[in-house]
Amino acid sequence: MNVSLFVTCLSDAVYPRVGEAVARLCARYGIRLRFPDGQTCCGQPAFNSGYWDAARDAAKTIIDAFAESDFVIAPSGSCVGMIHHHYPALFQDDPVYLQKAESLIEKTYEFSQFFVNVLGVTDLGATFPHTVTYHPSCHASRLLGVKDEPLSLLSNVAGLRLVPLPYAEDCCGFGGTFSVKLPDISLAMAAEKAEHVLETEAEVLVGTDMGCLMNIGGRLMHEGKQVRVMHLAELLYEGVNSRR
Amino acid sequence: MSGHHTADTLEQRAKIALRDQFLRNAVKFTTKKLRTGKQTAADELGNWEAWRERGRQIRLHTIAHLDYYLSQFVANLRAAGGYVHFAADAREAVDITLRIARAKQAKSVVKSKSMVSEELHINQALEANGIEAVETDLGEYIIQLAGETPSHIIIPAIHKNKSQVAQLFSQVAGTDLPAETAILAGFARTKLREKFLAADIGMTGCNFAIAESGSIVLFSNEGNGRMVSTVPKTQITFMGMERIIPSWEDLEVMATLLPRSATGQKLTVYMSAITGPRRSGDGDGPEELHVIIIDNGRSRQLGDPEFQEVLNCIRCGACLNACPVYRHVGGHAYGWVYSGPIGAVLTPLLNEDRTKWGEVANASSLCGACYEACPVKIPLHDMLVYIRRRNVESGLTAPAERLGMKVFRLAASSRHAFRRTIKLGRIGQAALLRNGVIRAKWGPFKGWNAGRVLPGLAGQSFRERWSALEQELRDDSTEMSDEIRKRLQDQLEQRRKR
């Protein structure tokens, strides 16, 4: 069984601990992840900005890297959403890669999707005695339809008190290159999201996408707030370790 | 504030809006009310997804056969005694309108709400010809007095608060009016009543045009649409060429979707159906009815697989209320007639000057809330990306952006390039990094770090860490349970069968 990790470029370069948490959680179920290092980026920054040639080059590294995998897991609903929702359009004029893309789509899962829907595991045996609020990322929930999976994993964490985030479904304003091209609007959105997080008085903000968490976390840190920002996999891994 | 007209770029217009705390509070307050109302109305109705799908199918079908339904509509409208005019663009529509107005020796015109007429700048054209044009929708009246354009498809004066309205009305009244809704609305009612009674021409928009009977259907909440279409002797109706639906049965679906999506209302307060001019025995209605069917860039979308569906829009404004970008900057930042996600798509598509308008498609984080809110399921978030691609293909993007994308393309092209880029990045950030983050506020960090902190690249990337981690995991590994193995194998089996 070849189960592979698509670590995503952001987690690879900035948040390697997220990829590590996914690999260590999988190992607990006897799944020894592989890491085909031909992977670079799913191509979304270029795709969303309209540079489809550049996006295709990047996307091909992903398609080729996972050609032999039976399952691909990524700690990002956005990158998986890119594969699922946009690769068909990206390769509409390239029948060879279109077919390869379709086979990648079939086997690629966002982290919480893989645990809940593929493995059928909702209780990882974690303990995390903290107040936590959850930001559902737009691409995970709207492009990929991942809505209940992260919540069902969180609801089985012992000691965790989940506080609902007001206007949780509102975008945090990251939007990849959007935050670079229109930083003022992006910041206004991030500031509002951060305010909602603070309203919950949670100790921890958890999510399934490091892009959004980098944005909200960057705002919270700028404001000198002590909210801890974690990927769901990190939280669960810390939670299973504390129980040992 | 009417400074929005002078700013040339989306970014400049957005900056102006973001500095205007009155505007931001007003827009935030009203969009919150509207989207909560919509949610409640949809929940109360039940089966909302099925209604949306039905609405979508009606619109898809109509637009796919637009030539057929348009000619059916025109034939039926003519048979009912109406005059039909076709305008290829805004200029032609203005010319036709002025011709009719001159023939009627019109001195004054009253107008009910019409977004398509905003594309024509018809009020200015009338004024330039010595004809007074008065907006009679309360919101439109407010922004006409302010010399502005609508900042929302449904709520044109969404960016104004009560005291700003009181100021505007006080100037007209020549006396200080208090900022009380009842008094302000009462003033507008009295003032507009004079205008209705004196007007030579009534001008309306068109929410839906029913092909099977040649009827115009107007939705309104203030009753001004009914005044405009019954009191003056001549009526001119502006209609975007895609406003058609085949039948009255289809109207039922639209009348279910539109008010709920727009304002959370179960029903619009007034629904007027107009079939031809006044007939003998009719108590009211215009003696002459002219319908101007306007193309103005719409037919260019027909047959385009990526954009044809934008013609399905029923102008409810739900995508505006759902859009986080709109909620922060309001409508004027979009620069043209339509705002929010639908505006970010329509503006570059309907305007031929893409050098000026193409960038409006950037006004979205692509969060997909617009698609989720749309009662006819237009994939606006995808269309925005297609327009951006077209901008790139036409060389309309900034040199710095093109350079950035070249670097991205190179970096993401292979494992070696990717590794090298991360290494270079680490060298580059060394002087800036403090406690793992970058707080510099210049150059490439200016925008992000103006109110955020940027994390630095990790000391060791995941790919650099992998071989050690893999070793640790191997030493530490558990046997796979039969249950997990079975689940994985079952999944593979299912996939093979598909």
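Scroll up for the structure.
Here the structure is a predicted model, which is why all the values come from computation and not from measurement.

Asker: Got a sec to walk through the overall build of chain A? Specific residues and values, please.
Answerer: Helices and strands together make up the secondary structure of chain A, namely 13 helices and seven strands. At 17 Å, chain A has a C-alpha radius of gyration in line with the 18 Å of a compact globule built from 244 residues. In terms of overall dimensions, chain A has C-alpha extents of about 50 × 45 × 25 Å along its principal axes. Expressed as a percentage of its 244 residues, the buried residues of chain A come to 70%. Relative to all contacts within chain A whose residues are 6 or more apart in sequence, the contacts with residues 24 or more apart total 78%. Carbon together with sulfur atoms contributes 49% to the accessible area of chain A, which is approximately 7700 Å² in total. The average position of the 19 basic charges and that of the 28 acidic charges among the side chains of chain A differ by 5 Å.

Asker: With reference to specific residues and values, describe the packing of aromatic side chains.
Answerer: Per the counting criterion, the structure on display carries 23 aromatic pairs over all chains. Relative to Phe 91 of chain A, the ring of Tyr 87 of chain A lies with its centre 6.0 Å away and its plane at 90°, an arrangement referred to as edge-to-face. Side by side, Tyr 87 of chain A and Phe 91 of chain A carry an identical accessibility label, which is buried. Note on Tyr 68 of chain B and Tyr 69 of chain B: the rings are 5.0 Å apart at their centroids and 80° apart in plane angle, and the pair reads as edge-to-face. Under the relative-accessibility criterion, Tyr 69 of chain B is labelled buried at 11%. Each member of the aromatic cluster is reached from another via a ring pair, and the members are Tyr 29, Phe 71, Tyr 109, Phe 111, Phe 114 and Phe 115 of chain A. Here Lys 100 of chain A stacks its cationic end above the ring of Tyr 97 of chain A, 4.5 Å away from the centre of that ring. Above the ring of Phe 71 of chain A, the side-chain terminus of Arg 495 of chain B is found at 4.9 Å from the ring centroid.

The rules we used
- Residues numbered from 1 in each chain as written.
- Chains lettered and ligands numbered in written order.
- Predicted model: local features only at pLDDT ≥ 70, side-chain atom pairs only at ≥ 80, totals over all residues.
- Heavy atoms only, no water.
- Helix = DSSP H or I, 4+ residues; strand = E, 2+ residues; numbered from the N terminus.
- Rg over C-alpha atoms; globule rule 2.2 N^0.38 Å.
- Buried < 20%, exposed > 50% of the residue type's maximum accessible area, 1.4 Å probe, protein only.
- Contact = heavy atoms within 4.5 Å.
- Areas by Shrake-Rupley, 256 points an atom, 1.4 Å probe, with all protein chains shown as cover.
- Lys, Arg positive; Asp, Glu negative; His and termini not counted.
- Charge placed at Lys NZ, Arg CZ, Asp CG, Glu CD.
- Phe/Tyr/Trp six-rings, centres within 6.5 Å; stacked < 30°, edge-to-face > 60°.
- Lys NZ or Arg CZ within 6 Å of the ring centre and 35° of its normal.

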